[in-house]
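If you want the building blocks of each chain, they are given just below.
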Amino acid sequence: MAMAVTAKKLDVKIGDVVEIEGRKYDVVSNKHGGVTLEPAITKTVAEIHAEHGERQLSREEFEELFGQIPSDGEG
Amino acid sequence: MPTSGRARIGVRISQDVWLEEVERLHPRSPARVAAERERRRLESEGLEIRELRACSAEAEDGTSLGGLFKVYVPIREASSSQRPFAFVFSPAGRGADVYLRLMAFGERHPLRGTRSVYERAHKRLHGRYPDR
């Protein structure tokens, strides 16, 4: 027997952030033509550093500390 | 090896980033348990620089994470295939202090439909996922 369900229509698109019961979610592609919700990422790297009063490293600092760290090409 | 001769680097973790990256996961999920197990040591001892790997500016999965660094989790001497998760960090400075700040955590190779830690880091860095 079919169950009667009244769907709530959401006026959202990919890239929007929605809040459900106090938690934020990103509206993202499900890679199959539809959308899905994922726990939101609300701040960028630059915003996080700025919040903490942090500065970018100089090229010299970066090279001295991290210049020789290898990459494995994975991501 | 790093030319600075420095063996370790400090790690800073913002509670709001921890909430979005780790506490989004089920409390008993292997990923969350693994991350929580590492947190205290990360914050108190930092990381050995030799444990870090540079993220790729142009990876095969479409992510672009130049300037960021990662460590596989669990953090231990083991092959990468035995460490399914990763923390991704961004270097920062404050005064003379230089350290890494946590930016993303998650599975390296999740099942289809779930974002990898690299895709999450890409969104943190660029403000959008790589397939958008």
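All of these numbers come straight from a predicted model, not from anything done at the bench.

### Notes on the interface of chain A and chain B
Taken together, the contacts link 32 residues of chain A with 41 residues of chain B. Broken down by secondary-structure element, the contributors of at least two residues to the side of chain A that touches chain B are strand 2 (23–29), strand 3 (35–39), helix 1 (45–51) and helix 2 (59–66) of chain A. The dominant element in the side of chain A that touches chain B, judged by the number of residues it contributes, is helix 2 of chain A, at 5 residues. Taken together, the residues of the side of chain A that touches chain B break down into 13 nonpolar, 12 polar and 7 charged.

### Examining the sheet that holds strand 1 (residues 17–20) of chain A
All names here are of chain A. Strands sit in the order 1-2-3 across an open sheet of 3 strands; the sheet is antiparallel. If you trace the sheet from one side to the other, it starts and ends with strand 1 and strand 3, each paired once. For this sheet the average axis-to-axis angle between neighbouring strands, irrespective of direction, equals 40 degrees.

### Overview of the environment of Glu21 of chain B
All names here are of chain B. Turning to its location among the elements, Glu21 is positioned in helix 1 (residues 15–21). Given 27 C-beta atoms within 10 Å, Glu21 falls into the buried group. The residues touching Glu21, leaving out its near neighbours within four places in the chain, are Ala104, Phe105 and Gly106.

### Describing the nonpolar core
Note that soluble globular proteins tend to have their nonpolar side chains buried in a common cluster. With 36 residues, the main nonpolar core has Leu68, Ala86, Phe87, Val88, Phe89, Met103 and Ala121 of chain B as its most contacted residues. At the level of secondary structure, the elements contributing two or more residues to this core comprise helix 1 and helix 2 of chain A together with strand 1 (8–12), helix 2 (30–45), strand 4 (69–73), strand 5 (85–94), strand 6 (97–107) and helix 3 (117–126) of chain B. Here this core gets 6 residues from one element, more than from any other, and that element is strand 6 of chain B. Other than its neighbours up to four places away in sequence, Met103 of chain B contacts Val45 and Ile48 of chain A together with Val17, Leu68, Val88, Phe89, Ser90, Ala121 and Arg124 of chain B.

### Some details on the confidence of the model for chain A
Taken as a whole, chain A shows an average pLDDT of 89; of its residues, 97% reach a score of 70 or greater. Across chain A, the secondary-structure element scoring lowest on mean pLDDT is strand 2 of chain A, at 83, and the one scoring highest is helix 1 of chain A, at 97.

### Observations regarding the pairing of strand 6 of chain B
All names here are of chain B. Among the 11 residues that make up strand 6, 8 are buried, leaving the element largely enclosed by the rest of the structure. In the sheet, strand 1 pairs with strand 6 via 3 bridges, with the strands oriented parallel. Paired with Val11 across the bridge in strand 6 is Leu100. Sheet topology note: the strand 5/strand 6 ladder contains 10 bridges and is antiparallel. If you follow Gly93 over to strand 6, its bridge partner there is Val98. Here strand 5 hands over to strand 6 after 2 residues, with Gly95 in that stretch at a positive phi of 60 degrees.

### Points about helix 3 of chain B
Most of helix 3 of chain B is tucked away: 9 of the 10 residues are buried. For helix 3 of chain B, the set of buried residues is Val117, Tyr118, Glu119, Arg120, Ala121, His122, Lys123, Arg124 and Leu125 of chain B. Residues of helix 3 of chain B that are buried sit in contact with helix 1 of chain A together with strand 5 and strand 6 of chain B. Backbone geometry just after helix 3 of chain B places Gly127 of chain B at a positive phi near 85 degrees.

How each quantity is defined
- Residues numbered from 1 in each chain as written.
- Chains lettered and ligands numbered in written order.
- Predicted model: local features only at pLDDT ≥ 70, side-chain atom pairs only at ≥ 80, totals over all residues.
- Contact = placed C-beta atoms within 7 Å.
- Helix = DSSP H or I, 4+ residues; strand = E, 2+ residues; numbered from the N terminus.
- Nonpolar A, V, L, I, M, F, W, Y, C, P; charged D, E, K, R; others polar.
- Pairing = 2+ DSSP bridges.
- Axes fitted to C-alpha atoms, helices over the stretch in contact; angles between N-to-C directions.
- Buried ≥ 20, exposed ≤ 12 C-beta atoms within 10 Å, placed from the backbone.
- Core = buried A, V, L, I, M, F, W, Y, C linked by C-beta atoms within 7 Å.
- pLDDT = per-residue confidence, 0-100.

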